[in-house]
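Now for the letters of each chain:
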Amino acid sequence: MSWDLLNSWSKESRAPEEKDDMTIEVRKHTLKFHRPATTSRDTLLQRDAWYFILRGEEPQIFGIGECAPIFGLSLETPAALEKAIAQVVSCKKLNEVPQDLLRQFPSIRFALEVAQLDLENGGTRTIFPNHSSKPIPINGLIWMNDKETMMREAAEKIKAGFKCIKLKIGGIDFEQEVDILKGIREQFGAEELEIRLDANGSFSPDNALERLETLSAFHIHSIEQPLKAGQWEALAEIVAKSPIPIALDEELIPVTDSKVKMELLDQVRPHYIILKPTLHGGIVGCDEWIALAEARQIRWWATSALESNIGLNAIAQWVSSYQITLPQGLGTGQLYVNNIPSPLKSGSGYFWWDQTLDWDLNIVVR
């Protein structure tokens, strides 16, 4: 293997044998949201995805993987990514792609990992043949918006059967967000509905503990990233004192060295980590985070990062190859008006594969 096993944490079953004659193609596709997707950072109306297509001895059989970083959150920039993609295409063959490039561009690494695994498994979009086909429990995501819209969307998710919802906070007035949680809890107790929060780094070291104390009245399962990344000492103090379990997400993005990963987990001691292969070093990088976290009794779940159905399918199969016990943060594939038709389905708080449906890749494969 020249690129798949960059460190010892990759599972052997996830390391297909590379063929020298694998050729690379890349197709770009602009995904358009049904409605604006707002976080504490910005509002997205559309996003670009690059599909890496690998072909072997039989060109009609191909593997496909998705490269779709979230600029402003990923360490990758648009200009650097375009340059790196051009470099990958110029390599022509998979075994010519530099390892340094894969370390620096996790979205490219994820795309190539998935495309290689797909091709090795016959180009059937089966990335992990031994993954569980059982429905995967997922949380329902409530995007940042005005109070009335967030309340309505929360009610819709609960009516649709979700037993766990996640609200992004930090985008409107904190008191309004407290009112939203109060309204939800007046109708649904903690035994009926699990609530996760994602602060996206919107708290400060000065107000975080006070806000966490206020939020704890609503029996919150966990809160992601209360502080902006890079404040380990302040974050460690908050984790130690918080009445709500703390999960790390953005904090993990710039940490790629194994030793530094261990230092982060040992110093901050989060209750959970949340993993996105597109942002956190591809599949092999996330496998490493899981091994390090589990060795420290830190729990985890995975989240998709606004990928289309190609990336979502791979993440779901990867997740279900583990023994999962927590609801996962998998998208439903309904974000985009021009997503890729697939067998992926969701409903009543679960994600699954409908075996009666097929893939239609005509949008990106010619």
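One can find the structure itself at the top, above this paragraph.
(A) Here's a closer look at the packing of helix H3 (residues 106–120) against helix H9 (residues 282–294). Two elements in contact, H3 and H9, have axes separated by 6 Å at closest approach and are oriented at 105°. Here H3 lies roughly perpendicular to H9, going by the angle between them. Residues Pro106, Arg109, Phe110, Glu113, Val114 and Leu117 of H3 form the contact with H9, whose own contacting residues are Gly282, Ile283 and Val284.

(B) View of the side chain of Glu307. Looking at the element boundaries, Glu307 is found in the loop between strand S11 (299–302) and helix H10 (309–320). Look at Glu307: it is buried, it has no salt bridge, and the nearest opposite charge is Arg47 at 6.0 Å. For Glu307, the side chain forms a polar contact with the main-chain nitrogen of Ala305, separated by 2.5 Å. The contact partners of Glu307, leaving out residues within four places of it in the chain, are Arg47, Glu66, Thr278, Leu312, Ile315 and Tyr336.

(C) Looking closely at the sheet that holds strand S13 (residues 350–353). Judged by pairing direction, the sheet is antiparallel, and its three strands sit side by side in the order S4-S13-S12 without closing on themselves. Strands at the two margins of the open sheet, each flanked by one partner only, are strand S4 (136–137) and strand S12 (344–347). Summarising the sheet, S12 and S13 pair through four bridges and their orientation is antiparallel. Residue pairing in the sheet places Gly347 in a bridge with Tyr350 of S13.

(D) Spatial organisation of the pattern of salt bridges. Summed over all chains, the structure comprises 18 salt bridges. Ionic pairing is found between Lys28 and Glu82, a salt bridge with its closest N-O pair at 3.6 Å. You can see Lys28 sitting in strand S1 (residues 23–38) and its partner Glu82 sitting in helix H1 (residues 78–91), a full 54 residues away along the chain. By relative accessible area, which is 46% here, Lys28 ends up partly exposed.

(E) Main features of unusual backbone geometry. With a phi close to 40°, Gln225 is a non-glycine residue in the positive phi region. Looking at the secondary structure, you find Gln225 in the loop between strand S8 (222–224) and helix H7 (232–241). Of the residues examined, Gln225 reaches a relative accessible area of 0% and is grouped as buried. One non-glycine residue, Arg269, lies in the positive phi region at around 55°. Look at Arg269 and you get partly exposed, because its relative accessible area is 39%.

(F) Main features of H3. With 15 residues, H3 extends 21 Å between its outermost C-alpha atoms, agreeing within 8% with the 21 Å of an ideal straight helix rising 1.5 Å per residue. The buried fraction of H3 amounts to 14 of the 15 residues, a majority that puts the element mostly inside the structure. The first or second residue beyond H3 is Gly122, which carries a positive phi of 90°.

Criteria and cut-off values
- Residues numbered from 1 in each chain as written.
- Predicted model: local features only at pLDDT ≥ 70, side-chain atom pairs only at ≥ 80, totals over all residues.
- Heavy atoms only, no water.
- Axes fitted to C-alpha atoms, helices over the stretch in contact; angles between N-to-C directions.
- Helix = DSSP H or I, 4+ residues; strand = E, 2+ residues; numbered from the N terminus.
- Parallel < 35°, antiparallel > 145°, perpendicular 65-115°, else oblique.
- Contact = heavy atoms within 4.5 Å.
- Buried < 20%, exposed > 50% of the residue type's maximum accessible area, 1.4 Å probe, protein only.
- Lys, Arg positive; Asp, Glu negative; His and termini not counted.
- Salt bridge = Lys/Arg side-chain N within 4 Å of Asp/Glu carboxyl O.
- Polar contact = N/O pair within 3.5 Å; in protein donor to acceptor, adjacent residues only side chain to side chain.
- Pairing = 2+ DSSP bridges.
- Expected span 1.5 Å × (residues − 1).

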